[in-house]
Amino acid sequence: MPRQHDRKGISAMGRHSDGLTNYKFSTQVYVVIACLVVAVIIIVFWVKAINGDSTTDKSKCLAGDLTVKIASSAGAESLAANVIDQYNAKKPVVRDHCITAEATKSLAEASAYITDESDSAVTQTVAQAQRAPAQASAEWPIVQVVKVGIASTERDVSREKLTDVTYPVQDNAVASALVAASLNNNSVDATKQALIKDKSVTVASAVQDGKKFIVVNETSAPSNYTFTEIKDVVQPIRVVSLTATDAVAEDSVRAGADLGASMVNADAGKQATSVTSL
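Residues numbered from 1 in each chain as written. Predicted model: local features only at pLDDT ≥ 70, side-chain atom pairs only at ≥ 80, totals over all residues. Heavy atoms only, no water.

Enquirer: Would you take a moment to explain the nonpolar core for this structure?
Expert: The nonpolar side chains of soluble globular proteins are, as a tendency, buried together. By size, the foremost hydrophobic cluster in this structure holds 21 residues, and its most contacted members are Ile70, Ile114 and Leu259. Secondary-structure elements contributing two or more residues to this core are β1 (64–72), α3 (77–89), β3 (97–103), β4 (112–115), β5 (142–152), β8 (226–241) and α8 (250–263). The element best represented in this core is α3, accounting for five residues. With residues up to four places along the chain from it excluded, the contact list for Leu259 reads Ile70, Val83, Tyr87, Ala101, Ile114 and Val239. Val148, Leu162, Phe213 and Val215 belong to the second largest nonpolar core, which has 19 residues in total. (Core = buried A, V, L, I, M, F, W, Y, C linked by side-chain atoms within 4.5 Å. Buried < 20%, exposed > 50% of the residue type's maximum accessible area, 1.4 Å probe, protein only. Helix = DSSP H or I, 4+ residues; strand = E, 2+ residues; numbered from the N terminus. Contact = heavy atoms within 4.5 Å.)

Enquirer: What's the story with the side chain of Ser111 in this structure? I'm lost.
Expert: Position of Ser111 relative to the elements: it lies in the loop between β3 and β4. Polar side-chain contacts of Ser111 include one of 3.2 Å to the backbone oxygen of Ser252. (Polar contact = N/O pair within 3.5 Å; in protein donor to acceptor, adjacent residues only side chain to side chain.)

Enquirer: I would appreciate a short explanation of the state of the cysteines in the present structure.
Expert: Note: disulfide means a covalent bond formed between the sulfur atoms of two cysteine side chains. Within the structure shown, the criterion is met by one disulfide. One disulfide in the model links Cys61 with Cys98; its S-S distance is 1.5 Å. Handedness of the Cys61-Cys98 disulfide follows from its S-S torsion of about 45 degrees: it is right-handed. Here Cys98 lies in strand β3 and Cys61 lies in the loop between α2 (20–59) and β1, a separation of 37 residues in the sequence. (Disulfide = S-S within 2.5 Å.)

Enquirer: How should the layout of surface pockets be read in this particular structure?
Expert: Left-over empty space is what a probe sized like a water molecule reveals as it rolls over the atoms. Counted as a void, the largest pocket has a volume near 430 Å³. In this structure, the largest pocket is lined by 21 residues; those nearest its centre are Glu117, Gln170, Asp171, Asn172 and Ala173. Elements that contribute at least two residues to the lining of the largest pocket include exactly α4 (119–128) and α5 (173–183). Here the lining of the largest pocket takes three residues from α4, the largest share from any one element. (1 Å grid on protein atoms, 1.4 Å probe; cavity = no way out; pocket = protein on both sides within 12 Å on 5 of 7 lines; lining within 4 Å. Points joined across faces, edges and corners; volume = space filled by probe spheres on them.)

Enquirer: Just to check I follow, could you spell out the pairing of β4 for this structure?
Expert: Moving residue by residue along a regular strand, the side chains alternate between the two faces of the sheet. Of the two faces of β4, the one lined by Ala112 and Ile114 and the one lined by Tyr113 and Thr115 are each fully buried. Examined bridge by bridge, β1 and β4 share three bridges and lie parallel to one another. If you follow Ser72 over to β4, its bridge partner there is Ile114. With four bridges connecting them, β4 and β8 associate as antiparallel partners. Within the sheet, the bridge partner assigned to Thr115 lies in β8 and is Arg238. (Pairing = 2+ DSSP bridges.)

Enquirer: Any chance you could explain the sheet that holds strand β6 (residues 165–166) here in plain terms?
Expert: Hydrogen bonding along the main chain pairs the strands of a sheet, whether they run parallel or antiparallel. In space, the eight strands of this open sheet follow the order β2-β3-β1-β4-β8-β5-β7-β6, with mixed pairing throughout. In this open sheet, the two edge strands, each paired with only one partner strand, are β2 (93–94) and β6. Sheet strands in contact with α3 are β1, β2, β3, β4, β5 and β8, and its direction is about 160 degrees off that of β3. Where α5 meets the sheet, it contacts β5, β6, β7 (213–217) and β8, and its direction lies at approximately 135 degrees from that of β8. (Axes fitted to C-alpha atoms, helices over the stretch in contact; angles between N-to-C directions.)

Enquirer: When you look at the environment of Asn184 in this model, what are you seeing that I'm missing?
Expert: You can see Asn184 is positioned in the loop between α5 and α6 (188–197). Overall, the relative accessible area of 24% leaves Asn184 in the partly exposed class. In contact with Asn184, other than residues within four places in its own chain, are Tyr167, Ala190, Thr191 and Ala194.

Okay, structure coming up:
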């Protein structure tokens, strides 16, 4: 009997002293702690990366922040808004300034002008605001293009039907000229005659007069009209950088020029030079 008691005691002591249960518990704790440490390290590095990017951007802006105003023609307002947003997304830095572009309706305070207009129309519009382009028209960067074609009350539009096309020169001389040249096989005389005939016409007046075929770009087709594009005929949207004035400093106009240079679309420029028939 005493020997059996001793054996139980020894057995119990053996189980009590092997430490196996305590060892398993300790391992779980260490695993949890290790996971927490890894998670904290990941979070710290992530936060540092974000702050690092922000700090890096700001560290380039030794001259501080600069907001520049960008004007646009009536026909290019929505497209200009897209260009401005895309430019700001680049977080531009020009001459140690962190640049933010914003739209304005005033050419007098603008650093650049985003437009769908012809060269002569741009020059006239800018001059009326007592401003001047900083570059020759051949150097105005093309940032987007829009499709050009015919707005019609008929769904079936073919070249054979386009015998009485209305060119709203007053609203969109560029689109009118592109389509007139295409439909007249690039005849200079025929194109001029078509444009002169409709030089005072607007899209609204053409609709009011019940015209069936009206030249428009894809952004200006009137309601209840079907737009049919003319293949490969597109209208360029350009950025015209402006000269400095007493109200618009050199740093601002440099930033306006940077917007055009940064957002230039080489492929769009190539498309804009191609004019073919319907």
